[in-house]
Amino acid sequence: MSEQRINGQIRSPKVLLVGPNGEQVGEVRIEDALRLANEADLDLVEVAPGANPPVARLMDYGKFKYEAKLKAREARKNQVNAQQKEIRMGLKIDTHDYETKKRNVEKFLNGGDKVKVMIRFRGREQSRPEMGMKLMQRMAEDVAEAGFVESHPRVDGRTMVMVLGPHKKKSQARAEARKRKSDAEKAAAKEASAE
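Cut-off values and rules
Residues numbered from 1 in each chain as written. Predicted model: local features only at pLDDT ≥ 70, side-chain atom pairs only at ≥ 80, totals over all residues. Heavy atoms only, no water. Phe/Tyr/Trp six-rings, centres within 6.5 Å; stacked < 30°, edge-to-face > 60°. Lys NZ or Arg CZ within 6 Å of the ring centre and 35° of its normal. Salt bridge = Lys/Arg side-chain N within 4 Å of Asp/Glu carboxyl O. Helix = DSSP H or I, 4+ residues; strand = E, 2+ residues; numbered from the N terminus. Buried < 20%, exposed > 50% of the residue type's maximum accessible area, 1.4 Å probe, protein only. Pairing = 2+ DSSP bridges. Axes fitted to C-alpha atoms, helices over the stretch in contact; angles between N-to-C directions. Contact = heavy atoms within 4.5 Å. UniProt positions renumbered as here; feature names shortened; annotations may be inferred. Parallel < 35°, antiparallel > 145°, perpendicular 65-115°, else oblique. Left-handed = near helix turned anticlockwise from the far one by under 90°. Nonpolar A, V, L, I, M, F, W, Y, C, P; charged D, E, K, R; others polar. Expected span 1.5 Å × (residues − 1). Arc of directions from axis to C-beta.

### What about the packing of aromatic side chains?
Across all of its chains, the model carries 1 aromatic pair by this definition. Here the guanidinium or amino end of arginine 138 rests over the ring plane of tyrosine 98, the centre of that ring lying 3.8 Å away.

Dropping the structure here:
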């Protein structure tokens, strides 16, 4: 956040003045604007220095800075970076191992993360990419409720790669998890008070 000029720091001889409630006062001399700010026990803050004449507003500058800091903190809290998780499996994967991998993929997608599914081809398996395609298609169909195919399967050397994207954004998934946790805590507290 760039620092605005306030009160005596404003160098322009005239400013376009905006009142404390957003009302347009009009173009006034800087001395008159400073006098009005002093009488109202507010600060004169230059909000648009590039305008001709610059736009200045009457406001409580300390309160303005505090609220701007709170907004920035709230924006950072809600801004969550989705990660890309990796799941690796072989072409001859056992049923139970596949189920475990599928559960992990669903967990990652429900958490709002992308998942890169990789199949390693060993030896003669390289001559059978259609088997890997089948396995990838099966995974995509099994986790269709939690995510979608963002990047279709492609062969890259000895591996086949597919990227799955989540239906929910990371921030949305986190908010839902927080809500579930607070609901569970409320239910536990209610149950404890009933005893």
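Let's pick the thread back up.
### Re the pattern of salt bridges
Overall, the coordinates contain 11 salt bridges when judged by the stated rule. The partner of glutamate 27 in a salt bridge is lysine 14, and the shortest N-O contact between them spans 3.8 Å. Of the two residues, glutamate 27 is situated in strand E2 (residues 24–29) and lysine 14 in strand E1 (residues 14–18); the sequence distance between them amounts to 13 residues. A relative accessible area of 48% means that glutamate 27 is categorised as partly exposed. What makes lysine 14 partly exposed here is its relative accessible area of 41%. Ionic pairing is found between lysine 114 and glutamate 150, a salt bridge with its closest N-O pair at 2.9 Å.

### Notes on the sheet that holds E2
An order of E2-E1-E4-E3 is seen for the 4 strands of this open sheet, with the pairing classed as mixed. Of all the strands in the sheet, the pair left with one neighbour each is E2 and strand E3 (43–48). Taken over all neighbouring pairs, the strand axes of this sheet differ in orientation by 35 degrees on average, direction set aside. Both E1 and strand E4 (residues 55–59) contribute to a ladder of 3 bridges, which runs parallel. Residue pairing in the sheet places leucine 16 in a bridge with valine 55 of E4. Sitting on the sheet, helix H1 (residues 30–39) touches E1, E2, E3 and E4, and the angle it makes with E2 is about 125 degrees.

### Some points on the environment of glycine 19
In this fold, glycine 19 is placed in the loop between E1 and E2. When its relative accessible area of 1% is taken as the criterion, glycine 19 is described as buried. On a C-alpha basis, the gap between glycine 19 and leucine 44 in space is 9.7 Å, while along the polypeptide they are 25 residues apart.

### Quick look at the environment of glutamate 67
Tracing the sequence through the fold places glutamate 67 in helix H2 (residues 61–78). Each C-alpha atom of the pair glutamate 67 and glycine 22 lies 17 Å from the other, and the pair is 45 residues apart in sequence.

### A few points about the UniProt feature "domain: Translation initiation factor 3 N-terminal" (unreviewed entry) in the protein chain
Within the UniProt annotation, "domain: Translation initiation factor 3 N-terminal" (unreviewed entry) is assigned to residues 6–75. Helix and strand shares over residues 6–75 are 36% and 31% respectively, and the end C-alpha atoms of the span are 26 Å apart.

### Some points on the UniProt feature "domain: Translation initiation factor 3 C-terminal" (unreviewed entry) in the protein chain
Under the feature "domain: Translation initiation factor 3 C-terminal" (unreviewed entry), the UniProt entry names residues 83–166. Across residues 83–166 one finds 36% helix and 38% strand; the C-alpha atoms that close the span lie 11 Å apart.

### Side note on the packing of helix H3 (residues 95–110) against helix H4 (residues 129–142)
Taken N-terminus to C-terminus, the directions of H3 and H4 make an angle of 50 degrees; their axes are 10 Å apart at the nearest point. One way to sum up the angle between H3 and H4 is to call them oblique. You can see that H3 and H4 cross each other, and the crossing is right-handed. Of H4, the residues touching H3 (which contributes Tyr98, Glu99, Lys101, Lys102, Val105 and Glu106) are Leu135, Arg138, Met139 and Asp142. By residue class, the composition of the contact of H3 with H4 is 4 nonpolar, no polar and 6 charged.

### Topic: H3
For H3, which comprises 16 residues, the first-to-last C-alpha distance of 22 Å matches the rise-based estimate of 22 Å (1.5 Å per residue) to within 8%. When we look at burial in H3, the residues that qualify are Tyr98, Lys102, Val105, Phe108 and Leu109. Along the long axis of H3, the arc covered by the buried residues comes to 125 degrees, so they all point the same way. With respect to the buried face of H3, the exposed residues turned more than 90 degrees away are His96, Arg103 and Lys107. In the segment just after H3, glycine 112 is the residue with positive phi, at about 90 degrees.

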